[in-house]
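Chain by chain, the residues run as shown.
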Amino acid sequence: IKPDSIRILDLINKKYISASYNYLGRFTSAPLGFNQLENLVWGNALFDPIPENTTIDSSNQNVILNLVLEKMSQKATYTKQYKAEAVWLTEHGNTRSMAVKYANLEQVAQNAFPRDLVINIEGEKKVECRFTLSNFAYDVKQDPSFNVPRSYKVEVFR
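Here the structure is a predicted model, which is why all the values come from computation and not from measurement. (Residues numbered from 1 in each chain as written. Predicted model: local features only at pLDDT ≥ 70, side-chain atom pairs only at ≥ 80, totals over all residues. Heavy atoms only, no water.)

Caption draft 1: Representation of the nonpolar core. With 24 residues, the main nonpolar core has L40, L46, F47, V87, V100 and Y102 as its most contacted residues. Of all elements in the fold, only α1 (34-42), β4 (62-68), β5 (72-78), β6 (84-91), β7 (97-108) and β8 (111-122) reach the threshold of two or more residues within this core. If we skip the residues at most four places from it in the chain, F47 touches A30, P31, L32, Q36, L67, L69, M72, Q74 and L89. (Core = buried A, V, L, I, M, F, W, Y, C linked by side-chain atoms within 4.5 Å. Buried < 20%, exposed > 50% of the residue type's maximum accessible area, 1.4 Å probe, protein only. Helix = DSSP H or I, 4+ residues; strand = E, 2+ residues; numbered from the N terminus. Contact = heavy atoms within 4.5 Å.)

Caption draft 2: Quick look at the sheet that holds strand β3 (residues 54-59). Pairing is antiparallel in the open sheet, where seven strands are placed in the order β3-β4-β5-β6-β7-β8-β9. Each end of this open sheet is capped by a strand with a single partner; those strands are β3 and β9 (126-132). Each strand of the sheet is rotated relative to its neighbour by a mean of 15 degrees, with strand direction disregarded. Sheet topology note: the β3/β4 ladder contains six bridges and is antiparallel. Bridge pairing in β4 links I56 to L65. Running over the sheet, α1 touches β7 and β8 and is turned about 115 degrees from β8. (Pairing = 2+ DSSP bridges. Axes fitted to C-alpha atoms, helices over the stretch in contact; angles between N-to-C directions.)

Caption draft 3: View of the pattern of salt bridges. According to the stated counting rule, one finds six salt bridges in the structure shown. Between K15 and E155 there is a salt bridge, and its shortest N-O distance comes to 3.4 Å. With K15 in strand β2 (residues 15-19) and E155 in strand β10 (residues 153-157), this residue pair connects regions lying 140 residues apart in the sequence. Note that K153 and E155 form a salt bridge whose closest N and O atoms lie 3.8 Å from each other. Relative accessible area serves as the criterion here: at 18%, E155 is assigned to the buried category. Taken together, the shared-partner salt bridges in this structure form one network comprising K15, K153 and E155. (Salt bridge = Lys/Arg side-chain N within 4 Å of Asp/Glu carboxyl O.)

Caption draft 4: Broad picture of the packing of aromatic side chains. Counted according to the given criterion, the structure contains two aromatic pairs. Summarising the aromatic geometry, the rings of Y23 and F157 are spaced 4.6 Å apart at their centres and angled 25 degrees between planes, so their arrangement reads as stacked. Linking Y23 in the loop between β2 and α1 with F157 in strand β10, this pair joins segments that are 134 residues apart in sequence. Overall, F157 belongs to the partly exposed group, its relative accessible area being 24%. Arranged with centres 4.8 Å apart and planes meeting at 50 degrees, the rings of W42 and F113 form a pair that is tilted. Here the residue W42 occupies a position in helix α1, and F113 occupies one in strand β8, the gap between them amounting to 71 residues. Of the residues examined, W42 reaches a relative accessible area of 29% and is grouped as partly exposed. In this structure F113 comes out as buried when scored by relative accessible area, which is 8%. (Phe/Tyr/Trp six-rings, centres within 6.5 Å; stacked < 30°, edge-to-face > 60°.)

Caption draft 5: Here's a closer look at the side chain of T77. Looking at the secondary structure, you find T77 in strand β5. Judged by its relative accessible area of 7%, T77 is buried. Apart from residues lying up to four places away in sequence, T77 is in contact with V63, I64, K83, A84, E85, A86 and W88.

Printed below as a string of structure tokens:
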């Protein structure tokens, strides 16, 4: 994930995929960009609450924030330590949705980050993605090198 694009090295199909954030607009009306994907990896709700568009509720030990944006709504549940536990994005007027569940928080300095993320996307098809983060590096002095093998097919989406 880079500020200007998403880059994927598909080792199974020997493809390198680069897509702009505008390309995501083909799949969702949610205004997804670098900040939202960064929030997803860090274990936060994708969109920050906007006071005039957010309602707060509670259930058992959780705090629930419901944010309504122009074409979608976000529901985020937080633990009593105010860490995001799950986030649901639902688009108005169609059946597309995304659910993100965070688990196994790891304490790093003064923050806790999820080691496990499960993302369920429903639309024309259903897709489930599971990620396990195993290495948290904060003092990066340079961008990691990213070399695409010559034998890989290159696909660029704008």
